[in-house]
Amino acid sequence: MGFYLIKRLMLMVPLFIGITIISFAVIHLAPGSPIDLATDLNPKATAEVKARMRAFYGLDKPLHVQYWNWVSRLLTLDFGNSFSQDGRKVADKILERLPITIFINVISLALILIVAIPIGVLSATYKNSFFDKATTVFVFIGFAVPHFWLALLLMILFGVQLGWLPISGLKSLNYEYLPAPAQVWDRISHLILPILISAFGGLAGLSRYMRSNMLEVIRQDYITTAKAKGLSDQAVIFKHALRNALLPVITILGLSIPGLIGGSVIFETIFAIPGMGQLFYASVMARDYPTIMGILVIGAVLTLVGNLIADLSYALADPRIRQA
Amino acid sequence: MIPKESGGQEKLRHLFWKRFRKNKLGLFGGIIVLILFIVAFLAPLISPYDPGQIDIKRVLQDPSRAHIFGTDQLGRDVLSRMIWGSRISLMVGFVAVGIATLIGIFLGSLAGYYGRWVDNLIMRFVDVMLCFPTFFLILAVIALLEPNIWNIMIIIGITGWMGVARLVRAEFLTLKERDFSVAVKALGAKDFRIIFLHILPNALAPILVSATLGVAGAILTESALSFLGIGVQPPTPSWGNILTAGKDNIEIGWWLSLYPGLAILITVLGYNLLGEGIRDAIDPRLKQ
C-alpha cells in the first residue's frame with residue numbers, strides 16, 4: 001500500500017508540471033501586457049517608463065525564464081499581488097475564501113452520496129417499476145436543467161414568494177443580535193440553497209451511474225451463484241452486489257471534483273457567498289490576472305488531490321489494485 | 001473511393017433506423033430538435049416583434065395577449081427575443097461542438113493509430129486538461145479576450161475535446177487491428193489515407209453520439225456564460241442574458257426568469273434524448 005502511494009504521488013508530478021505550463025500559456029494569451037493596463041490611461045508614461053516597468057516585472061526576459069520564475073515562486077506559495085484596488089497578496093485572498101468553498105463542496109458531495117446511491121440501487125433492483133421510471137425522468141430533466149436557472153427559481157420560490165430561506169450571503173444583517181440557537185439556524189439556512197444547487201447535477205449523474213453499475217453487477221455469475229445458494233434477496237443485494245457496484249463510484253466521485261469546483265462560480269455568485277468561485281468571477285470581471293492565475297492553479301491542484309484521495313480509497317477498498 | 005465493409009454497411013443503416021424508430025424517447029428528442037431548427041430558421045417570419053425594439057412605455061409588463069411572455073426591462077418583447085435567441089444557441093452549440101470534435105478526432109486518431117509515445121504524450125495532455133475545472137478555464141480565457149460570440153464558440157470548443165479524443169482513440173485501438181485496416185496497409189496505403197479514409201468512417205457512430213450530447217452541453221455552457229455577463233452581450237438576444245435581466249428584476253419580473261430557462265431545459269433535453277437514442281440504436285449489445 002505504501003508502495004502504491006509513492007507510485008501515485010510520483011505520477012502527480014508530471015501532471016502538476018503540465019498544469020503550470022497550461023496556466024502559464026493561458027496568461028500569455030493576453031493581448032497586451034499587464035503593464036499596458038497600468039499605463040494606458042496615463043499620458044505621462046513614456047516609452048522609457050514602460051521599459052523600466054517591464055524590466056521590473058521581469059517581462060523582458062525570455063518566456064522560459066519567466067515561466068521558471070513564476071513556477072519557483074508558486075512552489076513557495078507566492079502567487080504575487082492582486083491587481084485590484086487592495087493590492088493584497090493573492091495567496092491571502094484565496095486562503096480566506098477557500099474554506100467556505102471546500103466546506104460547501106464537501107457537504108454537497110456527502111449529500112450526493114447519501115441520496116444518489118440508494119436511488120440508484122433501488123432503481124436497479126426494481127427495474128422498470130414506477131419508481132425506476134419516475135427517477136429516470138427526474139434524472140433526464142436533471143441533466144438538462146441549467147443550474148443557475150434552478151438557483152433563480154428556488155430563490156424566487158423560497159426567498160421571494162414564500163420567504164422561508166434567505167437568498168444571499170452567509171449570515172443575516174442582524175446576526176450579531178440573534179440568540180445563539182437562532183444564530184446556528186441562520187448560518188444553516190443561508191447554506192441550504194447553495195448546497196442544494198451544488199449537489200443537484202451530481203445527484204442526477206451519480207444515481208444514473210449507480211443504477212447502470214448495479215444492473216451490470218446483478219448480471220454477473222457470482223450473483224446467480226448467491227441466489228442459487230439460497231441467500232435472501234436482501235443479503236444478495238447488500239452484501240454482494242452493492243459492494244462491487246460501489247467501487248467504481250469512488251472513481252466517479254474523483255472525476256466529478258472539477259465539476260463541483262467549477263460549478264461553485266455560479267452558485268457563489270448568485271447567492272453572494274464569499275468563496276473562491278465568487279472571487280474568481282470578480283477577478284475575471286476586473287481583469288485581475290494574478291488572482292485569476294492563482295485560482296486556476298489552485299483549482300487544478302484541488303482536482304489532483306481529490307483524484308489522489310479517490311485512487312487511494314479505491315486501492316484501500318479493492319485489494320486487486322494494490323497488487324498491480 | 002472508400003472501400004466499405006462488404007454490403008454490411010447498408011444493412012447497418014437499415015438496422016439503425018429500425019431500432020431508432022422503436023425508441024420513443026429518442027424520437028421525441030429528435031422531434032424537439034427538429035422543431036427548434038424550424039423555429040430558429042424561420043425566426044424573422046414567426047417573431048411577433050422586432051427583438052431589439054425598445055419601448056420605454058411598456059417596460060416590465062406581465063405576460064398578456066399582446067406580449068405572450070411579457071416584456072423586459074427595456075420594453076422589448078420577450079418571446080421575440082427568445083425566438084431569435086434560439087439562433088444564437090444553435091449556432092454556438094454547433095460551432096463549438098464542431099471545433100471540439102475536430103480537435104478530438106485529430107488527437108484521438110493520432111493517439112490510437114500510432115500508439116506508444118505519441119499515445120502517451122497525447123493522453124497525458126488530456127489528463128492535464130481534465131484537471132482544470134472547465135468553467136474556470138473558460139472564464140480565465142474570456143477574461144483575457146473580449147466576450148463576443150466567436151470567442152465563446154472557440155473557447156467552448158477548445159475546452160471540450162477531451163471526451164471525443166478518448167472515444168476516438170479507443171475506437172482506433174480496436175479498428176486498426178481489424179482485417180480491413182491490415183489489408184489496406186498491406187496494399188501500401190499511406191498512414192494519412194488509412195486514418196482518414198478507412199478507419200475513421202467506421203468510427204463515426206460513437207462520435208455522432210458524443211457530438212449530439214456535446215451540443216446540449218455547449219448550449220448549457222453558453223447560457224451560463226451569457227447569464228454571468230461574459231457570453232453573448234446584449235442587445236443580441238441569448239437565453240442566458242435574458243435570464244440576467246431575470247435575476248436583476250427578480251422581485252417584479254418572474255416571467256424573465258421562467259421562460260428562457262424553460263427553453264434551455266427543453267432544448268437540452270431534446271438533444272440529450274436524441275443522443276441517448278442514437279447511442280441505444282447503435283449499441284452492439286443487442287438485447288434480443
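Residues numbered from 1 in each chain as written. Chains lettered and ligands numbered in written order. Predicted model: local features only at pLDDT ≥ 70, side-chain atom pairs only at ≥ 80, totals over all residues.

Chemist: Even after reading the chapter, I still don't get the overall build of chain B, so can you show me in this structure?
Modeler: Along its length, chain B carries 13 helices and zero strands. When the helices and strands of chain B are listed from N to C terminus, the series reads α-α-α-α-α-α-α-α-α-α-α-α-α. Across its three principal directions, the C-alpha atoms of chain B cover 75 × 45 × 30 Å. For chain B, buried positions account for 45% of its 288 residues. Contacts in chain B between residues at least 24 apart in sequence constitute 70% of all its contacts with a sequence separation of at least 6. (Helix = DSSP H or I, 4+ residues; strand = E, 2+ residues; numbered from the N terminus. Buried ≥ 20, exposed ≤ 12 C-beta atoms within 10 Å, placed from the backbone. Contact = placed C-beta atoms within 7 Å.)

Chemist: Is there a simple way to explain the overall build of chain A in this structure?
Modeler: Check the secondary structure of chain A and you find 13 helices and zero strands. Starting at the N terminus, the α and β elements of chain A follow one another as α-α-α-α-α-α-α-α-α-α-α-α-α. Considering only C-alpha atoms, chain A reaches an extent of 85 × 55 × 35 Å along its principal axes. Excluding contacts between residues fewer than 6 apart, the proportion of contacts in chain A whose partners are at least 24 apart in sequence is 71%.

Chemist: Any chance you could explain the nonpolar core here in plain terms?
Modeler: The nonpolar side chains of soluble globular proteins are, as a tendency, buried together. Among the nonpolar cores identified, the biggest contains 139 residues, and Phe 280, Ile 292, Ile 295 and Leu 296 of chain A together with Met 82, Phe 136 and Leu 139 of chain B are the most heavily contacted of them. Not counting the four nearest positions on each side in its chain, Phe 280 of chain A is found in contact with Val 265, Ile 292 and Ile 295 of chain A together with Phe 136 and Leu 139 of chain B. (Core = buried A, V, L, I, M, F, W, Y, C linked by C-beta atoms within 7 Å.)

Chemist: Please clarify how helix α6 (residues 134-144) of chain B should be interpreted in this entry.
Modeler: Most of α6 of chain B is tucked away: eight of the 11 residues are buried. Within the sequence span of α6 of chain B, burial applies to Phe 135, Phe 136, Leu 137, Ile 138, Leu 139, Ala 140, Val 141 and Ala 143 of chain B.

Chemist: Honestly, the interface of chain A and chain B in this entry has me stumped. Any pointers?
Modeler: Accessible area lost upon the coming together of the parts is a frequently used measure of interface size. Taken together, the contacts link 38 residues of chain A with 34 residues of chain B. Within the residue set of the side of chain A that touches chain B, elements represented by two or more residues are α1 (2-27), α6 (130-144), α7 (147-161), α10 (233-270), α11 (276-286) and α12 (289-317) of chain A. Residue classes in the side of chain A that touches chain B are distributed as 32 nonpolar, five polar and one charged. (Nonpolar A, V, L, I, M, F, W, Y, C, P; charged D, E, K, R; others polar.)

Chemist: Explanation requested: the packing of α1 of chain A against α12 of chain A in the structure shown.
Modeler: In a pair of packed helices, the angle between the axes and the distance between the axes together describe the arrangement. Residue and element names in this part refer to chain A. Remark: α1 packs on α12, axes separated minimally by 10 Å, with the N-to-C direction vectors making an angle of 160°. Our classification of the angle between α1 and α12 gives roughly antiparallel. In this structure, the crossing between α1 and α12 has a hand that is right-handed. Of α12, the residues touching α1 (which contributes Tyr 4, Leu 5, Arg 8, Met 12, Leu 15, Phe 16, Ile 19, Thr 20, Ser 23 and Ile 27) are Tyr 289, Met 293, Leu 296, Val 297, Ala 300, Leu 304, Leu 308, Asp 311, Leu 312 and Ala 315. (Axes fitted to C-alpha atoms, helices over the stretch in contact; angles between N-to-C directions. Parallel < 35°, antiparallel > 145°, perpendicular 65-115°, else oblique. Left-handed = near helix turned anticlockwise from the far one by under 90°.)

Chemist: Please clarify how unusual backbone geometry should be interpreted in this entry.
Modeler: The bulk of non-glycine residues show a negative phi, and the bulk of peptide bonds are trans. Note the cis peptide between Pro 234 of chain B and Pro 235 of chain B, where omega equals 10°. Within the fold, Pro 235 of chain B resides in the loop between α11 (204-228) and α12 (239-248). Positive phi, close to 70°, is recorded for Asn 128 of chain A, a residue that is not glycine. Mapped onto the elements, Asn 128 of chain A comes out in the loop between α5 (90-125) and α6. Of note, the phi angle at Ala 272 of chain A is positive, near 55°, even though the residue is not glycine. By the element assignment, Ala 272 of chain A lies in the loop between α10 and α11. Ala 272 of chain A gets classed as partly exposed once you count the C-beta atoms within 10 Å, which come to 14.

Chemist: How should the confidence of the model for chain B be read in this particular structure?
Modeler: In low-pLDDT segments, the atomic positions of the prediction should not be examined closely. Chain-level statistics for chain B give a pLDDT mean of 86 and a share of 95% at 70 or above. Taken over the whole predicted complex, pTM reads 0.86, whereas the ipTM for its chain interfaces reads 0.84. (pLDDT = per-residue confidence, 0-100.)

Chemist: Explain helix α4 (residues 63-75) of chain A here, please?
Modeler: Along an α-helix, residues three or four positions apart point the same way, because every turn accommodates 3.6 residues. In a regular helix each residue adds 1.5 Å, so 13 residues correspond to 18 Å; α4 of chain A covers 18 Å between its end C-alpha atoms and thus fits that length. Looking one or two residues beyond α4 of chain A, the residue adopting positive phi is Leu 77 of chain A, at roughly 60°. (Expected span 1.5 Å × (residues − 1).)

Chemist: How should the packing of helix α4 (residues 78-114) of chain B against α11 of chain B be read in this particular structure?
Modeler: All names here are of chain B. Across the interface, α4 lies against α11 with an axial gap of 8 Å and an inter-helix angle of 130°. Relative to α11, α4 is oriented oblique. Once α4 is placed against α11, the crossing between them reads as right-handed. Contacts from Ser 89, Val 92, Gly 93, Phe 94, Ala 96, Val 97, Ala 100, Thr 101 and Ile 105 of α4 reach α11 at Ile 207, Ala 211, Gly 214, Val 215, Ala 218, Ile 219 and Glu 222. Among the residues forming the contact of α4 with α11, the class breakdown is 11 nonpolar, four polar and one charged.

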